[in-house]
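Geometric and topological summary
Residues per chain are reported as follows:
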Amino acid sequence: MNTLNADLHCHSVVSDGTLTPEALALRAQENGVQIWALTDHDEVGGQSRARTAAQDLGMRYISGVEISVSWANQTLHIVGLGIDENNPQLIQGLYDTRNGRTNRAKAISAELEKIGIQNAYAGALRFVGNPELISRTHFARHLVESGVCASTEEVFQNYLVAGKPGFVDHVWANLADAIQWITGAGGIAIIAHPGRYRYSDLQKEELYAQFKDLGGKGIEVVTGSHTPEEYAIFAKVAQRYGFLASRGSDFHSPDESDIDLGCLPNLPAPLRPVWSELQ
Ligand code: AMP
Ligand code: MN
Ligand code: MN
Ligand code: MN
């Protein structure tokens with residue numbers, strides 16, 4: 001089970017990726033992925049296209065989403081796998097979560113104006129595939145294309161993040177609601193890329209305990225966002241809390257993502273893979 005090539009985290013043009021669900025499915029299959037999930041931010045509009053494309057290519061498909069959550073004054077991402085994407089409560093929750101993005105984008109643009117970067121909202125919109133889903137990634141692409149930065153990585157070091165120009169604080173879904181939408185739709189809730197959060201050690205333990213109390217079941221261990229040292233750290237967290245373990249590249253674009261679909265080490269042997277619990 002642990003040696004299956006599962007990639008259960010990536011993004012299409014339906015959120016902030018640059019490939020269509022069909023192109024992602026083909027790329028995943030060419031890279032040897034056997035079990036695949038598309039997990040667009042706050043949006044399930046790509047699910048049926050992804051499933052059809054995956055099944056046509058002989059891959060097992062698991063439905064997915066990545067929900068933006070605010071917890072302890074920071075943004076946290078919760079991946080939902082095996083959800084019924086037609087569940088009305090999930091659809092409404094995701095709609096509400098997406099709802100503030102356009103106003104936030106206009107506020108980001110106003111912040112960038114203050115440092116002399118004009119019309120960033122219109123610039124970012126050129127990269128948007130889904131009008132309900134404008135993200136910082138689209139601003140980052142605009143800032144690269146207009147010559148402000150050399151790469152999206154450089155953008156996120158100098159702009160759009162807390163303490164830097166173009167940052168706008170935003171309140172996303174709360175943790176209890178996000179877990180409820182996922183579990184209520186028959187899915188499994190998973191903490192995405194835990195190595196990326198800047199919580200204190202105490203807060204991290206509080207997060208895992210609260211997440212588990214609320215019905216959360218899994219944690220990403222092997223992801224494109226983690227170093228090999230972090231694979232080991234979060235493997236231990238998974239064992240300590242009895243969490244299922246997940247594996248996913250978080251692939252967004254051939255031009256931006258260092259880790260391609262399916263190109264990750266296997267989950268460490270003692271862990272229980274989340275795909276063993278999904279149909
Ligand atoms: P948003 O949901 O609009 O706040 O945008 C979050 C997205 O920005 C993430 O899903 C990533 O795709 C991208 N992002 C955030 N931080 C970084 C980073 N340090 N490097 C590259 N991409 C990032
Ligand atoms: Mn993203
Ligand atoms: Mn994420
Ligand atoms: Mn992601």
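1. Quick notes on the packing of aromatic side chains
The full count for this structure, using the stated rule, is six aromatic pairs. Ring geometry for Phe211 against Phe243: centres 5.6 Å apart, planes inclined by 75°, an arrangement best described as edge-to-face. Placement of the pair is Phe211 in helix α9 (residues 201-213) and Phe243 in the loop between α10 (228-241) and β8 (244-248), with a sequence separation of 32 residues. Judged by centre distance (5.5 Å) and plane angle (10°), the ring pair of Tyr241 and Phe243 falls under stacked. Per residue, the accessibility class of Tyr241 equals that of Phe243, and both read buried. Chaining the aromatic ring pairs together yields one cluster made of Tyr208, Phe211, Tyr241 and Phe243.

2. Let's talk about the site of ligand 1
Near ligand 1 the following residues occur: Asp16, His41, Arg101, Arg104, Ser135, Arg136, Thr137, Glu153, Phe156 and His252. At 3.0 Å, a side-chain N or O of Asp16 approaches an oxygen atom of ligand 1. Contact between ligand 1 and Glu153: a nitrogen atom at 3.3 Å from a side-chain N or O atom of the residue. Starting from 500 Å² of accessible surface for ligand 1 in isolation, the protein chains cover 81%. Of all the secondary structure elements, the ones that give two or more residues to the shell around ligand 1 are α4 (101-114), α6 (136-145) and α7 (152-158). Of the residues in the shell around ligand 1, the class split is one nonpolar, four polar and five charged.

3. Some thoughts on the pattern of salt bridges
Evaluated as defined, the whole model comprises twelve salt bridges. The closest approach of N and O atoms between Glu43 and Arg98, which form a salt bridge, is 3.7 Å. Of this pair, Glu43 sits in the loop between β2 (35-36) and α2 (47-56) while Arg98 sits in helix α3 (residues 88-99), placing them 55 residues apart in sequence. For Glu43, a relative accessible area of 10% corresponds to the buried category. Relative accessible area serves as the criterion here: at 10%, Arg98 is assigned to the buried category.

4. A look at the coordination of the manganese ion (ligand 2)
Protein-derived coordination of the manganese ion (ligand 2) comes from Asp16 (OD), His41 (NE2) and His252 (NE2), at a distance range of 2.1 to 2.2 Å. Binding-site remark: the manganese ion (ligand 2) is held by donors from one chain whose sequence spacing is D-x24-H-x210-H.

5. Here's the deal with the coordination of the manganese ion (ligand 4)
Protein ligation of the manganese ion (ligand 4) involves His9 (NE2), His11 (NE2), Glu66 (OE) and Asp250 (OD), the donor distances falling in the range 2.1 to 2.2 Å. Of note, the manganese ion (ligand 4) draws all its donor residues from one chain, in the sequence arrangement H-x1-H-x54-E-x183-D.

6. Structural notes on the side chain of Arg104
Along the chain, Arg104 turns up in helix α4. Here Arg104 sits buried without a salt bridge, and the closest side chain of opposite charge, Asp42, lies 7.8 Å off (N-O distance).

7. Topic: the pairing of strand β4 (residues 64-71)
Within β4, seven of the eight residues are buried, leaving the element largely enclosed by the surrounding structure. Of the pairings in the sheet, the one linking β4 to strand β5 (residues 74-81) comprises eight bridges and is antiparallel in character. Paired with Ser70 across the two strands is Thr75, which belongs to β5. Count of turn residues in the β4/β5 antiparallel hairpin: two residues, of which Ala72 carries a positive phi of about 50°.

8. As for the sheet that holds strand β3 (residues 60-61)
Strand order in the open sheet formed by three strands is β1-β2-β3, and the pairing between neighbours is parallel. The sheet is open, and its two borders are formed by β1 (6-7) and β3, each paired with just one other strand.

Calculation rules
Along each chain, the written sequence defines residue order, and numbers are assigned to residues from 1. Lettering for chains starts from A, numbering for ligands starts from 1, and both go in the order in which the items are written. Local features in this predicted model are restricted to residues of pLDDT 70 or higher, and side-chain atom pairs are both shown and tallied only at a pLDDT of 80 or more, whereas totals for entire chains, interfaces and linings draw on every residue. Computation of side-chain values: all heavy atoms of the structure, hydrogens and water removed. Pairing of aromatic rings covers Phe, Tyr and Trp, the last through its six-membered ring, and needs centres within 6.5 Å; plane angles under 30 degrees mean stacked, over 60 mean edge-to-face, and all others mean tilted. The helix count covers DSSP runs of H or I at least four residues long, the strand count covers runs of E at least two residues long, and both are numbered beginning at the N terminus. The buried label applies to any residue whose accessible area, calculated with a 1.4 Å probe on protein chains only, is under 20% of its type's maximum; exposed applies above 50%, and partly exposed to all values in between. The criterion for a residue being near a molecule or strand is simple. One of its heavy atoms has to lie within 4 Å of it. For the purposes of these results, a polar contact is taken to be a pair of N or O atoms within 3.5 Å, where, inside protein, one atom must be able to donate a hydrogen and its partner to accept one; residues adjacent in sequence count only when each atom of the pair is a side-chain atom. Accessible areas in this description were obtained via Shrake-Rupley with a 1.4 Å probe; residue shielding takes into account the shown protein chains only. Each residue gets one of three labels, nonpolar for Ala, Val, Leu, Ile, Met, Phe, Trp, Tyr, Cys and Pro, charged for Asp, Glu, Lys and Arg, and polar for the others, Gly among them. Whenever a carboxyl oxygen of Asp or Glu lies within 4 Å of a side-chain nitrogen of Lys or Arg, that contact is scored as a salt bridge. Donors, by definition, are the N, O and S atoms found within 2.8 Å of a metal, the threshold being 3.2 Å for Na, K and Ca, and water is not counted, so a site can look incomplete. Charge convention: Lys and Arg are scored as positive, Asp and Glu as negative, and His as well as the terminal groups of each chain are ignored. When DSSP locates at least two bridges between a pair of strands, those strands are taken to pair.

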